[in-house]
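Chain by chain, the residues:
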Amino acid sequence: MSQYNTHLLVCAGTGCHSSESSLVYEMLRDEIMRKGLDKDVQIIRTGCFGFCEKGPIVKILPDNTFYTQVKPADAKEIVDEHIIKGRKVTRLLYTDPETAEHILDSRHMGFYKKQLRIALRNCGIIDPENIDESIARDAYQALGKVLTGLTPQETTEVIKKSGLRGRGGAGFPTGLKWEFTARNKAVQKYVVCNADEGDPGAFMDRSILEGDPHSVLEAMAICGYCIGATKGLIYIRAEYPMAIKRLKIAIAQARELGLLGEHIFGTGFCFDISLKYGAGAFVCGEETALIHSMEGKRGEPSSKPPFPAQCGYLGKPTCVNNVETFANIPVIILRGADWFSGIGTEKSKGTKVFALAGKINNVGLIEVPMGTTLREIIFEIGGGVKNGKKFKAVQTGGPSGGCLTEKHLDTPIDYESLLAAGSMMGSGGMIVLDEDDCMVSVAKFYLDFIVEESCGKCAPCRIGNKRLYETLERITAGKGVQEDIEKLKNLGSVIKDTSLCGLGQTAPNPVLSTLGNFMEEYMEHVHDKKCRSGQCRNLLYYVISEENCIGCMACKRVCPTHAISGEKREVHQINQDICIKCGACMEKCQFDAISLQNDYPRVTVMANC
Amino acid sequence: MDGIKTLADLKKKQEEVRSRIDLRNRAESPESIVQVKVAMATCGIASGAKEVMEYFVEELDKRSIDAVVTQTGCMGYCFAEPTVEITMPGKEPMVFGYVNARKADEIIERYIKEGELVDGIIPQNYNTI
Amino acid sequence: MIELTIDKKKVRVEQGTTILKAAQQVGIEIPTLCHFELCDMGIENRPGGCRVCVVEVEGRRNLAPSCITEAEDGMVVKTHNIRVLNARTTVLKLIISDHPFNCLVCAKSGHCELQSLATQFGIRSLPYEGEQSHYRKDTSPSIIRDVDKCIMCRRCEMMCNEVQTVGALAAVNRGFMSVVAPAFEMNLVDSPCTYCGQCVSVCPTGALTEVDHTNDIIRALSDPAKTVVVQTAPAVRAALGEEFGLDPGTLVTGKMVAALREMGFDYVFDTDFSADLTIMEEGTELLQRIRGHLAGDSSVRLPILTSCCPGWVNFFEHNFPDLLDVPSTAKSPQQMFGAIAKSWFAGKIGVNRKDLIVVSIMPCLAKKYECQRDEFKTDGSPDVDFSISTRELAAFIKQANIDFLNLPDEDFDDPLGESSGAGVIFGNTGGVIEAACRTAYELHTGKALKKVDFHELRGVEGIRSAVIDFDGLKLNIGIAHGLGNARKLLDEVRAGTSHYHAIEIMACPGGCIGGGGQPYHHGHSEILAKRAAAIYAEDERKPIRKSHENPSIIRLYDEFLGHPGSQKSHSLLHTEYFPKSNEVSIYLNGHNGK
């Protein structure tokens, strides 16, 4: 058997794939063949590395060289220079945005330094389409261990003791959930993996399924063993074709080896997994809605209790866990509850994967221990705010999370601290906002999403969020009044208090948290008709400079609403009440006399009045 | 391929396939194991660096020494090619010159295994990357 | 038993009781909107969607919907503190903000549950005004969908899917645009709707109402060239009084006749008469088929199914097109009446068919569709011109300024007003088959029935069965009311596992007394029970209780039809059925093709 001395890992996650990483892979492979290096160099297509900002990523081992934004045309140079001559291709190396230095070893990248990858442990390391690579990295060892050495109760106890909580957002203790489901006696029970990742910008579940599908399959089987289920279902959105493909391959390979199916590890335990596709409704991430959708019914939640643990899929006890939660299970079994509970904070154990997005340098997927501060995540791992702008806020917890500000930067992140700060863990989306972002518009943006995705079942969410949105629309259009602020507050709290499911109960969070943290911006919009970041078009004003205007009448002629007044060779004026902000005047003016400003222009008293 | 019927089957299977990713596992924390860097610039290759590298890869594996063998560019000691840099866990790197199979064997047996110094060490006055 | 505290009152209830029910036990009425139930029938809608019934439960972060939250031991509940009241009022204001404000011209005004809540909550302003959702208005022969008024309570959806298993209505779209509609927002006429009207009978607002034919009738009555005949269905007399404030179950037969006469109908007749006629035809067919079957004729299919309910007819045409030869071919009483009125009776009074208008007062909305079916027309003119519901009649009487409560009791006109008790009980589930048994027994055995009441055929369970001894011939009788129950029996027939000789099916829960055109019961199932009792009381009061003893029926056969099942009977009183299963797919394909 030949010994490879170099491994070439090419990211084949969805992000890199869409920027031609498969072509990069082919070119590298061909080049290696051509140079006769195929005995020395192993080339593997892996799952996501997380550093999606700079994809496609090619990583070379064992020296941990991290090439970013690799193009198919770079393949030859990588092989010639790096593989053959041992010289790193400097221009492709990741450059530290602060020091402007090329980073030679990926372990020294700020992005990876503070990370602790448990759920993502195999992503970007193994070939997800080859079960051998998973097995080499301990896949199914945990399943073997529990089936041959632990009772279901003992196994559940390990998970309980580890302190693992649901990574889908609500943070319910996973072991307890298993115990509840186990307690309900039924001939048929189900394990469901919730892979209906719906938060805009969040893609940790997809990355795990694409990069390490066996960790989820194994965990589902362990869960099945604990709760007494023989059937597992993965509810995955049809928009994840690559994850679906890799899951199918993984399930087939596991079945072939007998790691799924009848009498696993020669024991009496049988377990098999099939896929159910979702059509991409945000609300179907809610477990009761998810179950209804799987049953072929309208994807809308129902009141709990009864909990799925009592009455779930097809009326049978069902344990629903999220992908990331499952990905933690095998490691916990192998390394022990104490190891896991040694990581994190008092009430939130282990790590959490976050998807960094927005105005941040290192957009991507990261995994950090619970208790890491926002500052560490945003400034050390995330590389700080883009273009040297000033940090304003970070939206956590997806569309129904909240905005956290500078004062929260040093808060250790866990389920409790985020809730206390008026946001939530959610599935782990983190969107960084800078000084150019208008917080009222941000709240409006998220409300827009919620209004689109509300299932419509309960009145407060169906109508209330629409009304919240309309109120924000009025405010950003400069038509807000003081009463609107009160309305937002009351409506927001009633929607939280009365909505049927988690989606509705958290939907007003973006509004309430921005009201709490950025009240002065709301007040400016309402009273001064001003948007300090200049994002609200209706709160921008075209004004004519007295110095530059020569009174040529050109702007007056093009104004479609006759908002411009002034005689020839006299300074013109724009009537803001009539102006529709079309910008035609500014385009026409040849004397740079017309500009946009975000303060409502004070009326200048004309000398001849 | 036969199915996996017992935990022992799985462990056996893991042993079979472990080599596929050993290198990747080691790369996660190379400081904890022996790092061997073979200078593989034109000068090195011309003097047989490729063969030396293969020798290290195969022999370290045979002798069950946890090590990671990589290539590097010209270290500047073209006169002494093939040159090999060895970094033992927690120690400063050492560069050996005029390495051939016999020398490599000596390096493995005496320096890597026993920590004894062997002839051919090139004194360093620079820091490697 | 568990104990909890609601508004400082201790309550002991069974495990599994909701907070709403527990509160009712101590006299605390929590307002509800989407919640709906007919407990006797096991029908309940509690999606927990409107959030009007929220209460505060100590220790819970959010308010809990009381209609769906189960009481727990030691629970402390507050049903009317400021937090709860503010939440309820805010939610109600939100619902109203997406509801048209044209109450003055709404068919449901005065019966609208949203309107009542607004009154109860004292809503005087709408701070959350905004966009209102708008949808296409959809009119079918029986039902109008004006879903701008839909508040997504999902009662109709529950009725249509869970109770009736018709599957015509379900929530579509998402969020603010979500609404209950047929699939792909197709028209009701293109859907598998049976027009049973159960959706209308439970709709809290004016989103689902019947097609109103009152004006057509006014026009006919005011035309001197027309002779206008009216027939009233058995179940109408047991419910009409409710609209005038009488206790449910008060029979108002005489006042109803008087009112109709006051309103200008030339002849006030009774559908009970044609119910007797139906028994003659259907009973004969039943005996023939059973005798043929017992004689070993394999071409004779059993069981025989009743066919007097038009919602049921629509249902099997849509869902069991392979079983169209199973139901009796006898027309419904409404259509038998129309056929006889426009032939025998028209001849008797010397009026041309075209100058005779037949109006029916029905507890039913499917009757509106039925009388428009092509099979029930002669040269394009329908046997029954207009069918109006009990509710429409009540509105008409009020509109006509008739002091209903003080009217004298009057009798139906002859000859189509004479009926037996057997015709009356058509209004209850089990009534048709009981009436059939009374006649078939005597026809088959030639003996007089000792006891006319077949109590074993009565009741409210969705599916009932009984063995009736025809002097040695033991008949297995099945009864189903509610189309979901009917489906179960039909599935057995399709699978060949049905052991029944005859099955009676009524589309509506309770039979016609619970019809889609009856006064709104607002979920009080005791109202249905009282109506049913009134029907049986009317039967007992009747001097003649068997259809074949009705003198007018005897005369009709003597003078006109000959005998039951005669050629004339067949052309006038029997019909055929058409498969409708493809209508939906034709609709869809048609649209895809365009």
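Positions within a chain are numbered from 1, following the residues in the order the chain's sequence is written. The lettering of chains begins at A and the numbering of ligands begins at 1, in the order of writing. In view of the model being predicted, local features appear only for residues whose pLDDT reaches at least 70, and side-chain atom pairs are presented and counted only at 80 or more, with totals across whole chains, interfaces and linings using the full set of residues.

S.K.: Could you clarify how one ought to interpret the overall build of chain B in this entry?
M.R.: Working definition: helices are DSSP H or I runs of at least four residues, strands are E runs of at least two. Numbering for both runs from the N terminus. The helix and strand inventory of chain B stands at four helices and five strands. Put simply, chain B runs from its N terminus to its C terminus through helices and strands in the order α-β-α-α-β-β-β-α-β. Residues are called buried when their C-beta atom has 20 or more other C-beta atoms within 10 Å, exposed when it has 12 or fewer, and partly exposed otherwise; all C-beta atoms are positioned from the backbone. Taken over 129 residues, chain B has a buried fraction of 34%. Counted over contacts in chain B with a minimum sequence separation of 6, partners at least 24 positions apart contribute 62%. Each residue is represented by a C-beta atom placed from its backbone, and any two residues with such atoms within 7 Å are regarded as in contact.

S.K.: Teacher, can you tell me more about the overall build of chain A here?
M.R.: In terms of regular secondary structure, chain A is built from 24 helices and 17 strands. Between the two quantities, the radius of gyration covers C-alpha atoms and the globule rule is 2.2 Å times the number of residues to the power 0.38. The C-alpha radius of gyration of chain A comes to 28 Å, within 12% of the 25 Å expected for a compact globule of 609 residues. For chain A, the spread of C-alpha atoms along the three principal axes comes to 100 × 65 × 40 Å. Evaluated residue by residue, chain A yields a buried proportion of 59% over its 609 residues. Across chain A, every contact between residues at least 6 apart in sequence was considered, and the portion connecting residues at least 24 apart equals 71%.

S.K.: Any chance you could explain the domain arrangement of chain B here in plain terms?
M.R.: The extent of an interface is frequently quoted as the accessible surface area lost upon association of the parts. Marked domain ranges trace back to an automatic or database domain assignment. Under the domain assignment used here, chain B contains domain 1 (1–28) and domain 2 (33–122). Centre-to-centre separation of domain 1 of chain B and domain 2 of chain B, based on C-alpha positions: 28 Å.

S.K.: Looking at this structure, I do not really get helix α9 (residues 204–211) of chain A. What am I missing?
M.R.: For an α-helix the count is 3.6 residues per turn, leaving residues at separations of three or four pointing the same way. α9 of chain A sits mainly inside the fold: eight of its eight residues count as buried. Along α9 of chain A, the residues classified as buried are Met204, Asp205, Arg206, Ser207, Ile208, Leu209, Glu210 and Gly211 of chain A.

S.K.: Sorry, what's going on with the arrangement of the chains here?
M.R.: Among two pairs of chains with at least one contact, chains A and C form the most extensive contact set. Chain B makes no contact with chain C; the smallest distance between any of their C-alpha atoms is 45 Å.

S.K.: What should I look at first to understand the interface of chain B and chain A in this one?
M.R.: Each partner contributes to the interface: chain B provides 31 residues, whereas chain A provides 29 residues. The dominant element in the side of chain B that touches chain A, judged by the number of residues it contributes, is helix α1 (residues 7–27) of chain B, at 13 residues. Ten residue types, Ala, Val, Leu, Ile, Met, Phe, Trp, Tyr, Cys and Pro, are classed as nonpolar, four, Asp, Glu, Lys and Arg, as charged, and the remainder, Gly among them, as polar. Here the side of chain B that touches chain A is built from residues that sort into 15 nonpolar, eight polar and eight charged.

S.K.: Just checking my understanding: could you explain the domain arrangement of chain A for this structure?
M.R.: Taken domain by domain, chain A holds domain 1 (6–109), domain 2 (131–341), domain 3 (351–434), domain 4 (439–528) and domain 5 (540–597). For domain 3 of chain A versus domain 5 of chain A, the separation of C-alpha centres amounts to 43 Å.

S.K.: What is the right way to look at the nonpolar core in this model?
M.R.: Burial of nonpolar side chains together is a common tendency in soluble globular proteins. Formed by 386 residues in total, the largest nonpolar core has its most connected members in Leu28 and Ile222 of chain A together with Val229 of chain C. Here the element with the most residues in this core is helix α10 (residues 213–227) of chain A; it accounts for 10 residues. Setting aside its immediate chain neighbours within four residues, leucine 28 of chain A contacts Leu8, Val10, Ile43, Ala75, Ile78 and Val79 of chain A. Membership of the second largest hydrophobic core comes to 13 residues, among which are Ile544, Cys549, Ala563 and Ile564 of chain A. One nonpolar core equals one set of buried Ala, Val, Leu, Ile, Met, Phe, Trp, Tyr and Cys residues connected by C-beta atoms within 7 Å.

S.K.: Looking at this structure, how should I read unusual backbone geometry?
M.R.: The general pattern is negative phi for most residues beyond glycine and trans for most peptide bonds. Omega for the peptide link from lysine 304 of chain A to proline 305 of chain A comes to -5°, which places this bond in the cis form. Inspection of the secondary structure assignment puts proline 305 of chain A in the loop between α12 (287–294) and β8 (318–322). For the bond from proline 305 of chain A to proline 306 of chain A, the omega torsion is 5°, close enough to zero to count as cis. Even without being a glycine, aspartate 138 of chain A presents a positive backbone phi close to 80°. Residue placement: aspartate 138 of chain A occurs in the loop between α5 (131–136) and α6 (141–149). The exposure class assigned to aspartate 138 of chain A is partly exposed, which follows from the 19 C-beta atoms found within 10 Å. Even without glycine at this site, tyrosine 195 of chain C takes up a positive phi of about 60°. Tracing the backbone shows tyrosine 195 of chain C in the loop between β11 (179–181) and α5 (198–202).

S.K.: Before we go on, may I ask you to explain the interface of chain A and chain C in this structure?
M.R.: In this complex, chain A contributes 27 residues to the contact, which on the side of chain C involves 31 residues. Taken together, the elements giving at least two residues each to the side of chain A that touches chain C come down to α17 (439–453), α18 (459–476) and α19 (482–498) of chain A. Looking at the side of chain A that touches chain C element by element, the count peaks at eight residues for α18 of chain A. A per-class count over the side of chain A that touches chain C returns 10 nonpolar, seven polar and 10 charged.

S.K.: Honestly, the sheet that holds strand β7 (residues 76–78) of chain C in this entry has me stumped. Any pointers?
M.R.: Across a sheet, strands are paired by hydrogen bonds formed along the backbone, either parallel or antiparallel in direction. Residues and elements named next belong to chain C. Should DSSP find at least two bridges between two strands, the strands are taken to pair. Reading across from one edge, β2-β1-β7-β5-β6 is the order of the five strands in this open sheet, with mixed pairing throughout. For this open sheet the edge positions go to β2 (9–13) and β6 (64–65), each flanked by a neighbour on one side alone. Packed on one face of the sheet, helix α2 (residues 82–97) meets β5 (54–57) and β7 and runs near 155° to β5. Inter-axis angles, ranging from 0 to 180 degrees, are taken between N-to-C directions of lines fitted to C-alpha atoms, where helices are fitted over the stretch in contact.

S.K.: Looking at this structure, how should I read the packing of helix α7 (residues 152–162) of chain A against α10 of chain A?
M.R.: For any two helices packed against each other, one specifies the crossing angle of their axes together with the interaxial distance. Residues and elements named next belong to chain A. Two elements in contact, α7 and α10, have axes whose closest approach is 8 Å; the angle formed by their N-to-C orientations is 120°. Taken together, the axes of α7 and α10 are oblique relative to one another. Note that α7 runs across α10; the crossing there is left-handed. Side by side, α7 and α10 meet where Pro152, Thr155 and Thr156 of the first sit next to Ile222, Tyr225 and Cys226 of the second. Roughly parallel refers to an angle under 35 degrees, roughly antiparallel to one over 145, roughly perpendicular to one between 65 and 115, and oblique to any angle outside these ranges. Helix crossings are classified by the rotation of the near helix relative to the far one: an anticlockwise turn of less than a right angle makes the crossing left-handed, while a clockwise turn makes it right-handed.

S.K.: Any chance you could explain the sheet that holds strand β4 (residues 94–96) of chain B here in plain terms?
M.R.: Residues and elements named next belong to chain B. The strand order across the open sheet formed by five strands is β2-β1-β3-β4-β5, and the pairing between neighbours is mixed. Unpaired on one side and paired on the other, β2 (67–72) and β5 (121–122) mark the two borders of the sheet. In this structure, strand β1 (residues 34–39) lies alongside β2, joined through six bridges in parallel fashion. Looking at the pairing, valine 38 lines up with glutamine 71 of β2.

S.K.: Help me understand the packing of α18 of chain A against α19 of chain A, please; the structure alone is not making it clear to me.
M.R.: Residues and elements named next belong to chain A. Between α18 and α19, whose axes approach to 10 Å, the crossing angle comes to 155°. Here α19 runs roughly antiparallel to α18, going by the angle between their axes. The element α18 and its partner α19 pack so that their crossing is left-handed. Each of Pro460, Cys461, Gly464, Asn465, Arg467, Leu468, Thr471, Arg474 and Ile475 in α18 lies in contact with α19, whose residues at this interface are Asp484, Lys487, Leu488, Leu491, Gly492, Val494, Ile495 and Thr498. Across the contact of α18 with α19, the residue classes tally to eight nonpolar, five polar and four charged.

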